[in-house]
Amino acid sequence: MSSLSDLINLNLSDSTEKIIAEYIWVGGTGMDVRSKARTLSGPVSDPSKLPKWNYDGSSTGQAPGEDSESHKLFSGIHSGGAVICDAYTPAGEPIPTNKRCRAAKIFSHPDVAAEVTWYGLEQEYTLLQKDVKWPLGWPIGGYPGPQGPYYCGAGVDKAFGRDIVDAHYKACLYAGINISGINGEVMPGQWEFQVGPSVGISAADELWAARYILERITEVAGVVLSLDPKPIEGDWNGAGAHTNYSTKSMRNEGGYEIIKKAIEKLGLRHKEHIAAYGEGNERRLTGKHETADINTFKWGVANRGASIRVGRDTEKDGKGYFEDRRPASNMDPYVVTSMIAETTILWKP
């Protein structure tokens with residue numbers, strides 16, 4: 001689809017140094033991504049040099065009409081002009097939907113910073129036909145063949161929406177996002193991209209930026225992006241946001257023992273984590289379709305039916321990382337990444 005490819009080939013004339021900065025923030029639902037653009041006189045490498053801006057918070061469900069001006073501060077600007085923002089009241093207080101503020105406090109804690117937390121975030125999503133809200137490639141009112149040939153598949157009868165996926169991949173690379181890969185998922189019409197490994201809060205910043213770009217790509221394609229954790233009921237896989245995690249201590253010699261202690265702490269706070277891991281997750285975490293039951297915490301090596309999966313290489317090497325398979329596709333990465341760091345590093349049972 002040429003119009004999608006064109007998105008990543010747009011450049012301003014060589015005769016000007018002006019750039020377009022797209023200010024992006026999370027709206028009042030905690031899942032809707034909002035943005036507006038402005039022209040800057042030239043490239044900006046230091047986020048503190050970006051001009052502050054405001055927006056009508058009453059129109060995003062984030063402020064009353066009589067006091068609707070919300071200011072935005074910035075986490076950074078990517079090379080493609082994407083500015084990830086967090087929102088504050090005119091008095092300088094973080095608004096309730098500003099989850100980045102609390103995450104930043106956790107990641108700036110000396111004990112957390114010293115551990116140089118690494119994250120790899122696996123964002124699954126479903127592409128839906130615009131007018132019927134039914135997965136792309138599925139017969140309207142009907143179902144495709146059973147799962148099996150679609151995961152990492154190729155072919156017009158197996159991979160639905162690859163032009164969208166490829167355009168998103170390239171656009172993220174252009175924007176300077178640390179996107180590390182893509183693949184077709186188990187349910188037809190469902191895909192995944194990965195962000196990371198990224199350190200600390202930058203993983204969440206990059207995932208929100210990548211989500212925004214995907215919204216813009218699907219907008220051009222006339223397709224609906226769904227982050228619902230179980231878009232189709234029945235014998236179909238749901239959509240998650242598996243979160244891969246390690247600390248400096250876990251990556252060093254003897255790290256496997258640190259990993260096991262961290263997993264034990266996560267198990268003790270299972271209910272608290274589940275409550276923060278995305279809306280509707282109970283429809284996905286059923287104990288089937290590569291999930292653990294939502295009320296059960298268990299971990300295992302190479303077990304995709306566990307809450308926490310440890311890779312065989314990590315067990316063999318005695319160090320490495322683990323994967324939290326519980327987060328839903330609609331999770332807030334600021335909440336999930338900071339909560340994992342808080343529980344495994346700061347929390348004392």
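This is a predicted model, so every value here is computed, not measured.

Cut-offs applied
- Residues numbered from 1 in each chain as written.
- Predicted model: local features only at pLDDT ≥ 70, side-chain atom pairs only at ≥ 80, totals over all residues.
- Heavy atoms only, no water.
- Helix = DSSP H or I, 4+ residues; strand = E, 2+ residues; numbered from the N terminus.
- Rg over C-alpha atoms; globule rule 2.2 N^0.38 Å.
- Contact = heavy atoms within 4.5 Å.
- Lys, Arg positive; Asp, Glu negative; His and termini not counted.
- Charge placed at Lys NZ, Arg CZ, Asp CG, Glu CD.
- Axes fitted to C-alpha atoms, helices over the stretch in contact; angles between N-to-C directions.
- Parallel < 35°, antiparallel > 145°, perpendicular 65-115°, else oblique.
- Left-handed = near helix turned anticlockwise from the far one by under 90°.
- Nonpolar A, V, L, I, M, F, W, Y, C, P; charged D, E, K, R; others polar.
- Phe/Tyr/Trp six-rings, centres within 6.5 Å; stacked < 30°, edge-to-face > 60°.
- Buried < 20%, exposed > 50% of the residue type's maximum accessible area, 1.4 Å probe, protein only.
- UniProt positions renumbered as here; feature names shortened; annotations may be inferred.
- Salt bridge = Lys/Arg side-chain N within 4 Å of Asp/Glu carboxyl O.
- Pairing = 2+ DSSP bridges.
- Expected span 1.5 Å × (residues − 1).
- Polar contact = N/O pair within 3.5 Å; in protein donor to acceptor, adjacent residues only side chain to side chain.

## Details of the overall build of the chain
Phase 1: Each helix and strand counted, the chain has 10 helices and 13 strands in total.
Phase 2: On C-alpha atoms alone, the chain measures out to a radius of gyration of 21 Å, which is about the 20 Å that the 2.2 N^0.38 rule sets for 349 residues.
Phase 3: Taken over the C-alpha atoms alone, the chain extends approximately 55 × 55 × 40 Å along its principal axes.
Phase 4: Expressed as a percentage of contacts within the chain between residues at least 6 apart in sequence, the contacts between residues at least 24 apart total 64%.
Phase 5: Positive and negative side-chain charges in the chain, numbering 38 and 44 respectively, have mean positions lying 3 Å apart.

## Points about the packing of helix H5 (residues 202–221) against helix H10 (residues 333–346)
Phase 1: Axis separation between H5 and H10 bottoms out at 9 Å; the angle between their running directions is 160°. In terms of axis orientation, H5 runs roughly antiparallel to H10. Crossing hand, H5 versus H10: right-handed. For the pair H5 and H10, the contacting residues are Ala204, Asp205, Leu207, Trp208 and Arg211 in the first and Pro333, Tyr334 and Thr337 in the second.
Phase 2: Grouping the amino acids of the contact of H5 with H10 by side-chain chemistry returns five nonpolar, one polar and two charged.

## Regarding the packing of aromatic side chains
Phase 1: Under the defined criterion, the tally for this structure stands at 10 aromatic pairs.
Phase 2: Taking 5.9 Å as the distance between ring centres and 90° as the angle between the ring planes, the aromatic pair formed by phenylalanine 107 and tyrosine 119 counts as edge-to-face. Taken together, the residues span a long stretch of sequence, with phenylalanine 107 in helix H2 (residues 99–108) and tyrosine 119 in strand S6 (residues 118–129) at a distance of 12 residues.
Phase 3: Exposure remark for phenylalanine 107: the relative accessible area of 11% places this residue in the buried category.
Phase 4: Take tyrosine 119: its relative accessible area is 1%, and that puts it in the buried class.
Phase 5: Judged by centre distance (4.7 Å) and plane angle (45°), the rings of tryptophan 138 and tryptophan 236 are tilted. Here tryptophan 236 lies in the loop between strand S9 (223–226) and strand S10 (243–246) and tryptophan 138 lies in the loop between S6 and helix H4 (162–174), a separation of 98 residues in the sequence.

## Thoughts on the UniProt feature "domain: GS catalytic" (unreviewed entry) in the chain
Phase 1: With numbering aligned to this structure, UniProt lists the feature "domain: GS catalytic" (unreviewed entry) at residues 99–349.
Phase 2: Measuring from the first to the last C-alpha atom of residues 99–349 gives 24 Å, for a span that is 37% helix and 18% strand.

## Structural notes on the pattern of salt bridges
Phase 1: In the structure shown here, the tally under the stated rule is 14 salt bridges.
Phase 2: Between aspartate 32 and arginine 34 there is a salt bridge, with its nearest N and O atoms 2.8 Å apart.
Phase 3: In this structure aspartate 32 comes out as buried when scored by relative accessible area, which is 19%.
Phase 4: For arginine 326, the salt bridge identified is with aspartate 324, shortest N-O distance 2.9 Å. Like aspartate 324, arginine 326 is buried.

## Quick look at unusual backbone geometry
Phase 1: Cis geometry is adopted by the peptide bond preceding proline 197, which originates at glycine 196 and carries an omega value of 0°.
Phase 2: Mapped onto the elements of the fold, proline 197 is located in strand S8 (residues 190–199).
Phase 3: Positive phi, normally seen in glycine, also occurs at histidine 289, with a value near 55°.
Phase 4: Even without being a glycine, alanine 302 presents a positive backbone phi close to 60°.

## Brief notes about the pairing of strand S7 (residues 179–184)
Phase 1: Sheet topology note: the S7/S8 ladder contains five bridges and is antiparallel. From the neighbouring strand, glycine 181 faces S8, where its bridge partner is glutamine 194.
Phase 2: In this antiparallel pair of consecutive strands, S7 and S8, the connection spans five residues, and glycine 189 shows a positive phi of 90°.

## Focus: H10
Phase 1: The end-to-end C-alpha distance of H10 is 19 Å, a good match for the 20 Å that 14 residues give at a rise of 1.5 Å each.
Phase 2: Summarising burial for H10: 12 of the 14 residues are buried, a large majority.
Phase 3: If you check which residues of H10 are buried, you get Pro333, Tyr334, Val336, Thr337, Ser338, Met339, Ile340, Ala341, Glu342, Thr343, Thr344 and Ile345.
Phase 4: N-capping of H10 is provided by aspartate 332, with a side-chain oxygen placed 2.9 Å from the backbone N of tyrosine 334.

## Here's the deal with H5
Phase 1: With 20 residues, H5 extends 29 Å between its outermost C-alpha atoms, agreeing within 8% with the 28 Å of an ideal straight helix rising 1.5 Å per residue.
Phase 2: When you tally the buried positions in H5, you get 15 out of 20 residues, the bulk of the element.
Phase 3: Once H5 ends, the next one or two residues include glycine 222, with phi positive near 70°.

## Quick look at the environment of serine 108
Phase 1: Its location among the elements puts serine 108 in helix H2.
Phase 2: Sequence-wise, serine 108 and glycine 238 are 130 residues apart; in three dimensions their C-alpha atoms are separated by 34 Å.
Phase 3: Reaching out from serine 108, the side chain makes a polar contact with the backbone oxygen of alanine 104 at a distance of 2.9 Å.
Phase 4: Among the polar contacts made by the side chain of serine 108, one reaches the main-chain carbonyl oxygen of lysine 105 at a distance of 3.0 Å.

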